[in-house]
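Structural description and commentary
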Amino acid sequence: MRAAVMYGAGDVRIEDRPDPKIHQPSDAVVRTVRSCVCGSDLWPYASMPASDTGRPMGHEFLGVVEETGSDVSHVKPGDLVVTPFTYCDNTCDYCRMGLQSSCRNGGRYGVDGVDGGQGEAVRVPLADGTLVKLPVDADSELLPALLALSDVMGTGHHGATTAGVRRGESVLVIGDGAVGLSAVIAAKRLGAEQIVLMGRHIDRTDLGREFGATDVVAERGEEGVARVRDLTGGDGVDRAIEAVGARQTLDTAFGAVRDGGTISRLGMPQYGEGPVGGGMIMRNITLTGGVSPARAYIDELLPDVLSGTIEPGRVFDHTVTLDDVPGSYQDMADRRVLKALISF
């Protein structure tokens, strides 16, 4: 099969790799129908040391089951399925508490001998716990939205959920990438009355308005904080979702949230220290968030995707073939593309 492999910063290649095979009775082999490039893929694309062996890329995909191990009973060959971005048994104590991202037996795609999702086929470990059967055909127009359940929509929902968004509240979403825009969808879905989206890319913030953002703030730093506070009567927002991962954006969240408010971090932190001293304590600010247990949210969000109530597939603004994937990394890094959809 052919798949995308990263050999270092700026070096993504499409190459032939061994066809996936069943290794364990709990495995399934899935033929990829749709995949994508994630914003988190851009971190190694910018900084990964050169490697002779390379790293299979991709952790978001949906496809058709081709083969299953003897212990797999929840899916069968021919089923269209979607995966969360980490695989899990969905039965351990962490999984039962809704924290499948910490599954005791789980792991990540593209490491430890497991295929990446940006390839023609994938061996999926722990298939019964990981894969979710989809009640549509492989040519459905809903595939982009269903693919978003693999990561970005679940991650945006995780931000809104951990922030504790409630009906009638004000929410700040920092970042106009795919995760930030998905967080806007999630905040709207949970009933937020005022949703302030902080971003500078007009095409993205316009989409954010269509998703439910009531206000857009292009300013950054202290100017951005002042603008958000002005929009919320001076006190700041009830909840803030930080979907970038920079120290500056965390500072902005602290400056823009009201006393007693909550900040949820979704962006992978590119810093080691933050403003968590006495000011945070005196203001009774809650800091939460983390990596999304996407498997926990697929069943909850799937009905709204199938009904068209939410349309997270609209974050895919460019469709490519596998051969075009290396260029899509650069397009996303240069902000020419929001999120590239890979069609097989």
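Refer to the preceding data block for the structure.
Anyway, here's the lowdown on the structure attached to this text. Since this is a predicted model, take the numbers as computed values, not measurements.

Quick look at the packing of aromatic side chains
Per the stated rule, a full pass over the model turns up three aromatic pairs. Between Y45 and Y329, the ring centres sit 5.3 Å apart and the planes meet at 45 degrees, which makes this aromatic pair tilted. Taken together, the residues span a long stretch of sequence, with Y45 in helix 1 (residues 42–47) and Y329 in helix 12 (residues 325–333) at a distance of 284 residues. Y45 sits in the buried class, given a relative accessible area of 9%.

Regarding the sheet that holds strand 2 (residues 11–16)
Strand order in the open sheet formed by three strands is 2-1-4, with antiparallel pairing between adjacent strands. Because the sheet does not close on itself, it has two edges, and the strands there are strand 2 and strand 4 (55–56). Helix 12 rests against strand 1 (2–8) and strand 2 of the sheet, and its axis sits at about 160 degrees to strand 2.

A word on the nonpolar core
Ranked by internal contacts, the top residues of the largest apolar core, which has 49 residues, are L62 and L146. A per-element tally of this core places helix 6 (residues 178–189) first, with eight residues. When near neighbours in sequence (up to four residues on either side) are disregarded, L62 contacts T32, V33, R34, L80, V81, V82, L134, L143, L146 and L147. Counting 17 residues, the second-largest nonpolar core is a separate cluster that includes I174, L250, A253 and I285.

What to know about the environment of S70
Relative to the assigned elements, S70 resides in the loop between strand 5 (61–68) and strand 6 (80–82). We classify S70 as exposed; its relative accessible area is 68%. A C-alpha to C-alpha distance of 4.9 Å links S70 and P25, two positions 45 residues apart in sequence.

Section: the sheet that holds strand 12 (residues 194–198)
Spatial strand order, 13-12-11-14-15-16: six strands in an open sheet with parallel pairing. Two strands in the sheet have a free side with no partner beyond their single neighbour: strand 13 (215–217) and strand 16 (286–289). Shown here is a sheet whose adjacent strand axes are inclined to one another by a mean of 20 degrees, direction ignored. In this sheet, strand 12 lies alongside strand 11 (residues 170–174) in parallel orientation, the contact comprising five bridges. Looking across to strand 12, one finds that L172 is bridged to V196. Sitting on the sheet, helix 5 (residues 152–163) touches strand 14 (237–242), strand 15 (257–265) and strand 16, and the angle it makes with strand 15 is about 150 degrees.

Calculation notes
Residues numbered from 1 in each chain as written. Predicted model: local features only at pLDDT ≥ 70, side-chain atom pairs only at ≥ 80, totals over all residues. Heavy atoms only, no water. Phe/Tyr/Trp six-rings, centres within 6.5 Å; stacked < 30°, edge-to-face > 60°. Helix = DSSP H or I, 4+ residues; strand = E, 2+ residues; numbered from the N terminus. Buried < 20%, exposed > 50% of the residue type's maximum accessible area, 1.4 Å probe, protein only. Pairing = 2+ DSSP bridges. Contact = heavy atoms within 4.5 Å. Axes fitted to C-alpha atoms, helices over the stretch in contact; angles between N-to-C directions. Core = buried A, V, L, I, M, F, W, Y, C linked by side-chain atoms within 4.5 Å.

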